[in-house]
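Summary of the model geometry
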Amino acid sequence: MSGSGRAPASAIVTVGNELLYGETVDTNAAWLGRILAGWGLPVAKRYTVGDIAEDIRETVSLALKEVELVVVTGGLGPTRDDLTKGVVADLMGRSLVRNEDAWHALQAHFRAAGEDEVPELSRGQADVPEGARVLVNPRGTAPGIVLDAGEALLVLLPGVPDELEAIVEGGLLSAIDGRLGDRRRGHVVHHRVVHTTGIVETHLAERLEKRLEALPDDITDGIDLAYLPDVLGVDLRLSIRGGGPDEAERRFDVFVESITDLLGEWQYEASDGDLAEAVSAELRRSGRTVAVAESCTGGLVAKRLTDRAGASEILVGGVVAYADAVKIGEVGVKQADLQREGAVSETVARQLSERVAERLGADTGIGVTGVAGPGGGSLDKPVGTVWIATTVGGETEAVRHRFAGDRLAVREASAQAALAQLYRRLRDDGAKG
Ligand code: AMP
Ligand code: MG
């Protein structure tokens, strides 16, 4: 199934003092790591160095001995702290020569910015080490540079993430494929992500691992399963190394089909992993709208829904019902109930959901009330206690949760749980009808 032998390994060298000092987070290395693994050129090592010629030189030269593809990012700008190109040319004993494609692109770049001429300082941006292949930068002035460094290929890319991504997606693969294509193809990694929410990683793993042991080998062989938990849920990432995309899709289908009954109520489908997408789709499918009354989430549920284009078709509106007076006056929670049960209670959550749907004229409702912390907890309602109610088809259900973590985590988990509860009920309702 896999290609013969090991995958050709790659290394990443990121250059910049700001990366070492923690002023800029090294997102390029992470992004490149994903891309290269997906291409069948997994990253074996990663280096970060400052804007110091000797350090860049030593590190690049070391990396070239270790792997077959070295990708360097940063230090390609026109200013004095940008050393990468000169150092690499020197290391390889090549001079810098003007590249015509890069020069035309540079002229066009400045013309588009309303300047007649390329500024003196920027002219060197079109110079590359002799014999290099140039990858035009559609978003900036520093082109990508591909060099044959004997044992390995060496790629230089600008540090600005936007520019780097445009160059990589534009033509990097075809520029290196003459050399690495045949061997990397057998190691391309295919992925599928299955999203779950509302079940903790260990419980999910217990159920799944038992099932996986019982499944025939031809379903599980060669499929790696990773659990990726965060505050919002646990994603299952399936990967297959090697083979074509169609074969991988077919095998993912069979695999997911054979575990899907275990995932049941916790699984949801969303192309970008956002549960709000799944909720919006269910509301649309059933021709329903929703209104929300939020206390501890302060509008987060409404935000999640309105992050998506077309939200006006499914969300009527919401009330941030923070103070008791707003819960009572604007949403219609009964004062006596609130005083008797407390703001964080099943009764109040139910009334928030029912009344907000009624008052705003929505088909369904969500009510959230809880203790986000760090203060405000008590023995019977500790920090993280959240009541969530949903109203669907005139019936209201309420669930008490106890979320862990800081204020942000409790609020995010609450919004996610509210969306999950509505999603589940809409789906069950659809399955009935
Ligand atoms: P440079 O190509 O070194 O002139 O980098 C230009 C800008 O890109 C820097 O000021 C950083 O903000 C950003 N940058 C450079 N390297 C990285 C990196 N590894 N990850 C994210 N941003 C970076
Ligand atoms: Mg720099």
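What counts, and at which threshold
Residues numbered from 1 in each chain as written. Chains lettered and ligands numbered in written order. Predicted model: local features only at pLDDT ≥ 70, side-chain atom pairs only at ≥ 80, totals over all residues. Heavy atoms only, no water. Helix = DSSP H or I, 4+ residues; strand = E, 2+ residues; numbered from the N terminus. Rg over C-alpha atoms; globule rule 2.2 N^0.38 Å. Buried < 20%, exposed > 50% of the residue type's maximum accessible area, 1.4 Å probe, protein only. Contact = heavy atoms within 4.5 Å. Areas by Shrake-Rupley, 256 points an atom, 1.4 Å probe, with all protein chains shown as cover. Lys, Arg positive; Asp, Glu negative; His and termini not counted. Charge placed at Lys NZ, Arg CZ, Asp CG, Glu CD. Polar contact = N/O pair within 3.5 Å; in protein donor to acceptor, adjacent residues only side chain to side chain. Pairing = 2+ DSSP bridges. Axes fitted to C-alpha atoms, helices over the stretch in contact; angles between N-to-C directions. Salt bridge = Lys/Arg side-chain N within 4 Å of Asp/Glu carboxyl O. Core = buried A, V, L, I, M, F, W, Y, C linked by side-chain atoms within 4.5 Å. Expected span 1.5 Å × (residues − 1). Bend = angle between axes of the 7 residues up to and from the residue. 1 Å grid on protein atoms, 1.4 Å probe; cavity = no way out; pocket = protein on both sides within 12 Å on 5 of 7 lines; lining within 4 Å. Points joined across faces, edges and corners; volume = space filled by probe spheres on them. Nonpolar A, V, L, I, M, F, W, Y, C, P; charged D, E, K, R; others polar. Near = heavy atom within 4 Å. Sits in = over half its atoms within 2 Å of the grid points.

Before going further, it helps to examine the overall build of the chain. Within the chain one finds 16 helices and 17 strands. Taking 2.2 N^0.38 as the reference for a compact globule, 433 residues should give roughly 22 Å; the C-alpha atoms of the chain span a radius of gyration of 28 Å, well beyond that estimate. Its C-alpha atoms give the chain principal-axis dimensions of roughly 85 × 60 × 40 Å. Within the span of the chain, comprising 433 residues, buried residues form 49% of the whole. When contacts within the chain are restricted to residue pairs at least 6 apart in sequence, those whose partners lie at least 24 apart make up 68%. As presented, the chain carries roughly 20500 Å² of accessible surface, and 49% of it is formed by carbon and sulfur atoms. Looking at the chain, you have 47 positive and 68 negative side-chain charges, and the mean spots of the two groups are 4 Å apart.

As for its placement among the helices and strands, Asp-127 is situated in strand S5 (residues 127–129). A polar side-chain atom of Asp-127 sits 3.0 Å from a polar atom in the side chain of Arg-98. When sequence neighbours within four positions are dropped, the list of residues in contact with Asp-127 reads Lys-85, Leu-96, Val-97 and Arg-98.

This paragraph deals with the sheet that holds strand S12 (residues 267–268). Pairing between the strands of a sheet is mediated by backbone hydrogen bonds and can be parallel or antiparallel. Ordered by their spatial adjacency, four strands build an open sheet running S10-S11-S9-S12, and the pairing between neighbours is antiparallel. Across the chains shown, the open sheet's two edge strands, defined by having one partner strand only, are strand S10 (223–230) and S12. Relative to strand S11 (residues 233–241), strand S9 (residues 189–196) runs antiparallel, the two sharing eight bridges. In the sheet register, His-195 faces S11, and the bridge partner there is Asp-235. Against the sheet, helix H7 (residues 201–214) contacts S9, S10 and S11, and its axis sits at roughly 165° relative to S10.

This next bit is on the pattern of salt bridges. Two side chains with opposite charge may pair up if their charged atoms get near one another. Summed over all chains, the structure comprises 29 salt bridges. A salt bridge links Arg-192 to Asp-253, with the shortest nitrogen-to-oxygen separation between them at 2.9 Å. On the criterion of sequence distance, the pair formed by Arg-192 in strand S9 and Asp-253 in helix H9 (residues 245–257) is long-range, its members being 61 residues apart. What makes Asp-253 partly exposed here is its relative accessible area of 43%. Measuring nitrogen to oxygen at the nearest pair gives 3.7 Å for the salt bridge that ties Arg-424 to Glu-265. One end of the pair, Arg-424, is in helix H16 (residues 407–432); the other, Glu-265, is in the loop between helix H10 (260–263) and S12, and 159 residues separate them in sequence.

Below, the discussion takes up the nonpolar core. Core analysis: the biggest nonpolar cluster contains 33 residues, and Val-301 and Leu-305 have the highest contact counts within it. If you list the elements that add at least two residues to this core, you get helix H11 (275–285), strand S13 (290–294), helix H12 (300–306), strand S15 (364–370), strand S16 (385–392) and H16. The leading source of residues in this core is H16, at 10 residues.

With 25 residues, helix H6 (residues 161–185) ought to run about 36 Å at 1.5 Å a step, yet its terminal C-alpha atoms sit only 26 Å apart, falling short of that. At Asp-177, H6 is deflected by roughly 85°, the largest bend along its length.

In this approach the atoms are scanned with a rolling probe the size of a water molecule, which exposes any empty space left behind. Of the volumes computed, that of the largest pocket is approximately 550 Å³. Those elements giving two or more residues to the lining of the largest pocket turn out to be S11, strand S17 (395–402) and H16. At seven residues, the largest contribution of residues to the lining of the largest pocket is made by H16. Within the lining of the largest pocket, the residues separate by chemical class into 13 nonpolar, six polar and five charged. Every residue lining the second largest pocket is counted, 27 residues in all, and those nearest its centre are Glu-18, Gly-74, Pro-158, Gly-159 and Val-160. Residue assignment for the lining of the second largest pocket shows that the elements contributing at least two residues are strand S1 (10–15), helix H1 (17–20), helix H2 (27–38) and H6. Across the lining of the second largest pocket, the residue classes break down as nine nonpolar, 12 polar and six charged.

Mapped onto the elements, Val-392 comes out in strand S16. Taking the C-alpha atoms as reference, Val-392 lies 25 Å from Val-410; in sequence the two are 18 residues apart. Excluding residues that lie within four positions of it along the chain, Val-392 makes contacts with Arg-288, Thr-364, Leu-422, Arg-425, Leu-426 and Asp-429.

With that settled, the discussion passes to the site of ligand 1. In the vicinity of ligand 1 there are 16 residues, among which Asp-26, Thr-27, Asn-28, Gly-75 and Gly-159 approach most closely. At 3.2 Å from a nitrogen atom of ligand 1 is found a main-chain nitrogen or oxygen belonging to Asn-28. If ligand 1 stood free it would expose 490 Å²; the protein chains cover 76% of that surface. Most atoms of ligand 1, that is more than half of them, are within 2 Å of grid points of the second largest pocket. Counting residues per element, the ones that place at least two in the shell around ligand 1 are H1 and H2. Split into classes, the residues belonging to the shell around ligand 1 amount to five nonpolar, eight polar and three charged.

This part covers the environment of Ile-388. Tracing the backbone through its elements, the reader meets Ile-388 in strand S16. Spatially, the C-alpha atoms of Ile-388 and Leu-422 are 9.9 Å apart, while their sequence positions differ by 34 residues. Look past the residues within four positions of Ile-388 in its chain and what remains in contact with it is Ala-349, Gly-367, Val-368, Glu-397, Ala-398, Val-399, His-401, Ser-414, Ala-417, Ala-418 and Gln-421.

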